[in-house]
Amino acid sequence: YWFAYTAEKDAEYSFATNGTLKHVNYSPGVELKVQENVYRVGEGETIYVCVTGTEATNTFTITSNDIVDGDYCDRPIYFELGESIHIKGRGLDNFHAFTAQGDGFAIFHSVNWTVQFRNECGGARLNPHMTFVDGDDVKYTYKLPVSAGQSYIVEVTAVSEDITISTGFESAVSGDVCATA
(Lines give C-alpha, C1' and ligand atoms only; values in the text may rest on other atoms or scores of the structure.)
Protein backbone atom coordinates (compact mmCIF):
# COMPACT_ATOMS: atom_id res chain seq x y z
CA TYR A 1 0.00 0.00 0.00
CA TRP A 2 1.16 3.49 -0.79
CA PHE A 3 0.64 6.32 1.66
CA ALA A 4 1.09 9.98 0.78
CA TYR A 5 1.81 12.56 3.43
CA THR A 6 2.00 16.31 2.85
CA ALA A 7 4.01 18.05 5.57
CA GLU A 8 2.21 20.64 7.65
CA LYS A 9 5.52 22.19 8.72
CA ASP A 10 9.23 22.05 7.93
CA ALA A 11 10.38 19.17 10.16
CA GLU A 12 12.11 15.80 10.32
CA TYR A 13 9.75 12.87 9.77
CA SER A 14 10.16 9.16 10.44
CA PHE A 15 7.82 6.30 9.62
CA ALA A 16 6.94 3.13 11.54
CA THR A 17 4.83 0.15 10.56
CA ASN A 18 4.15 -3.41 11.66
CA GLY A 19 4.42 -4.32 7.97
CA THR A 20 7.55 -3.87 5.88
CA LEU A 21 8.62 -0.37 4.93
CA LYS A 22 9.42 -1.07 1.29
CA HIS A 23 9.92 2.24 -0.50
CA VAL A 24 10.01 5.89 0.38
CA ASN A 25 9.77 8.32 -2.52
CA TYR A 26 9.92 12.04 -2.09
CA SER A 27 9.89 15.18 -4.10
CA PRO A 28 12.99 17.25 -4.83
CA GLY A 29 13.96 19.30 -1.81
CA VAL A 30 13.31 16.52 0.72
CA GLU A 31 16.56 15.57 2.46
CA LEU A 32 17.46 12.15 3.83
CA LYS A 33 19.32 12.53 7.11
CA VAL A 34 22.34 10.38 7.87
CA GLN A 35 20.20 8.33 10.23
CA GLU A 36 18.08 5.70 8.53
CA ASN A 37 14.40 6.54 8.06
CA VAL A 38 14.65 10.22 9.01
CA TYR A 39 13.59 12.66 6.30
CA ARG A 40 13.50 16.43 6.33
CA VAL A 41 10.32 17.47 4.59
CA GLY A 42 9.47 21.12 3.99
CA GLU A 43 6.03 22.56 4.63
CA GLY A 44 3.72 21.64 1.74
CA GLU A 45 6.06 18.97 0.30
CA THR A 46 4.75 15.42 -0.12
CA ILE A 47 6.47 12.18 0.78
CA TYR A 48 5.22 8.77 -0.47
CA VAL A 49 5.68 5.57 1.53
CA CYS A 50 5.04 2.01 0.35
CA VAL A 51 4.25 -0.53 3.09
CA THR A 52 3.70 -4.24 2.52
CA GLY A 53 1.97 -6.58 4.94
CA THR A 54 -1.41 -8.06 5.71
CA GLU A 55 -4.13 -5.51 4.95
CA ALA A 56 -6.21 -6.18 8.07
CA THR A 57 -3.33 -5.75 10.51
CA ASN A 58 -1.25 -3.12 8.76
CA THR A 59 -0.58 0.01 10.82
CA PHE A 60 1.40 3.05 9.83
CA THR A 61 2.68 5.85 12.08
CA ILE A 62 4.32 9.17 11.20
CA THR A 63 6.43 10.96 13.79
CA SER A 64 7.72 14.50 13.38
CA ASN A 65 10.50 16.30 15.21
CA ASP A 66 11.36 19.97 15.00
CA ILE A 67 14.48 20.89 13.06
CA VAL A 68 17.49 21.32 15.34
CA ASP A 69 19.50 24.46 14.53
CA GLY A 70 22.91 23.42 13.25
CA ASP A 71 21.76 20.13 11.67
CA TYR A 72 21.26 21.65 8.20
CA CYS A 73 23.13 24.26 6.21
CA ASP A 74 20.06 26.50 5.87
CA ARG A 75 19.57 26.44 9.68
CA PRO A 76 23.07 27.17 11.04
CA ILE A 77 23.92 28.27 14.57
CA TYR A 78 25.23 31.84 14.43
CA PHE A 79 28.30 32.96 16.36
CA GLU A 80 30.74 35.88 16.52
CA LEU A 81 34.44 35.45 15.83
CA GLY A 82 36.18 35.23 19.20
CA GLU A 83 33.51 32.89 20.59
CA SER A 84 34.04 29.14 20.80
CA ILE A 85 31.83 26.72 18.88
CA HIS A 86 30.56 23.88 21.10
CA ILE A 87 29.27 20.80 19.29
CA LYS A 88 27.49 17.80 20.80
CA GLY A 89 28.72 14.55 19.26
CA ARG A 90 25.81 12.85 17.49
CA GLY A 91 27.60 11.50 14.40
CA LEU A 92 26.13 14.22 12.18
CA ASP A 93 27.50 17.18 10.25
CA ASN A 94 27.08 20.49 12.08
CA PHE A 95 26.58 23.91 10.50
CA HIS A 96 27.49 27.28 11.98
CA ALA A 97 27.67 30.77 10.46
CA PHE A 98 29.23 34.14 11.12
CA THR A 99 29.43 37.54 9.44
CA ALA A 100 32.87 39.11 9.22
CA GLN A 101 33.01 42.44 11.07
CA GLY A 102 36.17 43.53 9.22
CA ASP A 103 38.62 42.61 6.47
CA GLY A 104 41.18 40.07 7.62
CA PHE A 105 41.34 36.44 8.62
CA ALA A 106 38.94 34.23 10.58
CA ILE A 107 40.99 31.84 12.70
CA PHE A 108 39.73 28.39 13.80
CA HIS A 109 41.56 25.93 16.08
CA SER A 110 40.28 22.36 16.00
CA VAL A 111 41.48 18.99 17.26
CA ASN A 112 41.02 15.99 14.95
CA TRP A 113 38.08 17.33 12.96
CA THR A 114 37.50 18.37 9.40
CA VAL A 115 36.15 21.89 8.98
CA GLN A 116 34.84 23.23 5.65
CA PHE A 117 33.91 26.79 4.72
CA ARG A 118 31.43 28.18 2.16
CA ASN A 119 29.85 31.54 1.33
CA GLU A 120 26.42 29.92 0.94
CA CYS A 121 24.70 26.54 1.20
CA GLY A 122 25.61 24.40 -1.80
CA GLY A 123 28.30 26.90 -2.84
CA ALA A 124 31.88 26.03 -3.65
CA ARG A 125 34.19 25.21 -0.77
CA LEU A 126 36.52 28.01 0.24
CA ASN A 127 40.18 27.12 0.69
CA PRO A 128 41.65 28.51 3.90
CA HIS A 129 45.30 28.17 4.78
CA MET A 130 45.57 25.12 7.05
CA THR A 131 48.38 24.06 9.36
CA PHE A 132 48.57 21.21 11.81
CA VAL A 133 50.79 20.19 14.67
CA ASP A 134 51.29 16.46 15.13
CA GLY A 135 51.50 15.34 18.74
CA ASP A 136 49.30 13.45 21.17
CA ASP A 137 46.41 15.15 19.36
CA VAL A 138 46.60 16.61 15.88
CA LYS A 139 45.67 20.28 16.17
CA TYR A 140 44.44 22.01 13.04
CA THR A 141 44.50 25.76 12.53
CA TYR A 142 42.46 27.23 9.67
CA LYS A 143 43.10 30.81 8.52
CA LEU A 144 40.26 31.96 6.24
CA PRO A 145 40.45 35.31 4.38
CA VAL A 146 37.23 37.25 5.10
CA SER A 147 35.68 40.50 3.92
CA ALA A 148 33.69 42.89 6.12
CA GLY A 149 29.94 42.26 5.94
CA GLN A 150 30.29 38.89 4.16
CA SER A 151 28.62 35.85 5.77
CA TYR A 152 30.32 32.46 5.92
CA ILE A 153 29.07 28.92 6.60
CA VAL A 154 31.26 26.67 8.76
CA GLU A 155 30.60 22.92 8.39
CA VAL A 156 32.13 20.45 10.83
CA THR A 157 31.76 16.95 9.42
CA ALA A 158 30.45 13.84 11.22
CA VAL A 159 31.12 14.82 14.81
CA SER A 160 30.82 11.70 16.98
CA GLU A 161 32.03 13.19 20.27
CA ASP A 162 31.60 16.53 22.04
CA ILE A 163 34.13 19.07 20.76
CA THR A 164 34.98 22.76 21.04
CA ILE A 165 36.46 24.84 18.24
CA SER A 166 37.98 28.16 19.25
CA THR A 167 37.65 31.07 16.83
CA GLY A 168 39.28 34.44 16.44
CA PHE A 169 39.93 37.31 14.08
CA GLU A 170 43.17 38.74 12.75
CA SER A 171 43.08 42.12 11.02
CA ALA A 172 44.53 42.34 7.54
CA VAL A 173 47.34 44.60 6.57
CA SER A 174 47.09 46.32 3.20
CA GLY A 175 47.30 43.69 0.45
CA ASP A 176 46.77 40.61 2.70
CA VAL A 177 43.26 39.95 1.37
CA CYS A 178 41.56 41.08 -1.81
CA ALA A 179 39.39 43.62 0.02
CA THR A 180 42.47 45.52 1.24
CA ALA A 181 44.53 45.32 -1.96
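For clarity, every value in this text was computed on a predicted model and none was experimentally measured.

J.: Tell me about the sheet that holds strand β9 (residues 85-87), and name the residues and values.
T.: Hydrogen bonds between backbone groups are what pair the strands of a sheet, and the pairing can be parallel or antiparallel. Strands sit in the order β9-β17-β11-β15-β14 across an open sheet of five strands; the sheet is antiparallel. Edge positions in the sheet fall to β9 and β14 (129-133), since each of these pairs with one other strand and no more. Within the sheet, the average angular offset between the axes of one strand and its neighbour, ignoring direction, is 20 degrees. Where strand β11 (residues 104-111) and strand β17 (residues 163-171) come together, six bridges link them in antiparallel fashion. Pairing of glycine 104 across the sheet is with serine 171, part of β17.

J.: If you had to explain the pairing of β11 to someone new, which residues and values would you point to?
T.: Most of β11 is tucked away: six of the eight residues are buried. Bridge analysis of β11 against strand β15 (residues 139-146) gives eight bridges, and the strand direction is antiparallel. Bridging across to β15, phenylalanine 108 finds its partner in tyrosine 142.

J.: Lay out the packing of aromatic side chains in plain terms, naming residues and giving numbers.
T.: All told, the structure shown has 10 aromatic pairs when counted by the stated rule. Summarising the aromatic geometry, the rings of phenylalanine 15 and tyrosine 39 are spaced 6.0 Å apart at their centres and angled 50 degrees between planes, so their arrangement reads as tilted. Of this pair, phenylalanine 15 sits in strand β2 (residues 11-17) while tyrosine 39 sits in strand β5 (residues 39-41), and the two are 24 residues apart along the sequence. On the basis of relative accessibility, which here comes to 6%, the residue phenylalanine 15 falls in the buried class. Among the residues examined, tyrosine 39 registers a relative accessible area of 9% and is labelled buried. Directly above the aromatic system of phenylalanine 105 lies the positively charged group of lysine 143, at a separation of 4.7 Å from the ring centroid.

How each quantity is defined
For every chain, the first residue of the written sequence is number 1, and numbering continues from 1 onward in sequence order. With pLDDT at 70 or above as the cut-off, local features in this predicted model cover only qualifying residues; side-chain atom pairs require 80 or more to be listed or tallied, and sums for whole chains, interfaces and linings still use all residues. Excluded from the side-chain calculation are hydrogens and water; included are all heavy atoms of the structure. Two strands qualify as a pair provided DSSP detects at least 2 bridges between them. Counting from the N terminus, the helices are DSSP H or I runs at least four residues long and the strands are E runs at least two residues long. To get an axis, fit a line to the C-alpha atoms, keeping to the stretch in contact for a helix; angles then go from 0 to 180 degrees between the N-to-C directions. Residue burial is assigned from relative accessible area. The probe radius is 1.4 Å, only protein chains are included, and a residue is buried under 20% of its type maximum, exposed over 50%, and partly exposed in between. Classification of ring pairs uses Phe, Tyr and Trp, with its six-membered ring standing for Trp, and accepts pairs whose centres are within 6.5 Å; under 30 degrees between planes counts as stacked, over 60 as edge-to-face, and the remaining range as tilted. Distance and angle both matter: a charge sits over a ring if NZ of Lys or CZ of Arg is within 6 Å of the ring centre and within 35 degrees of the ring normal.

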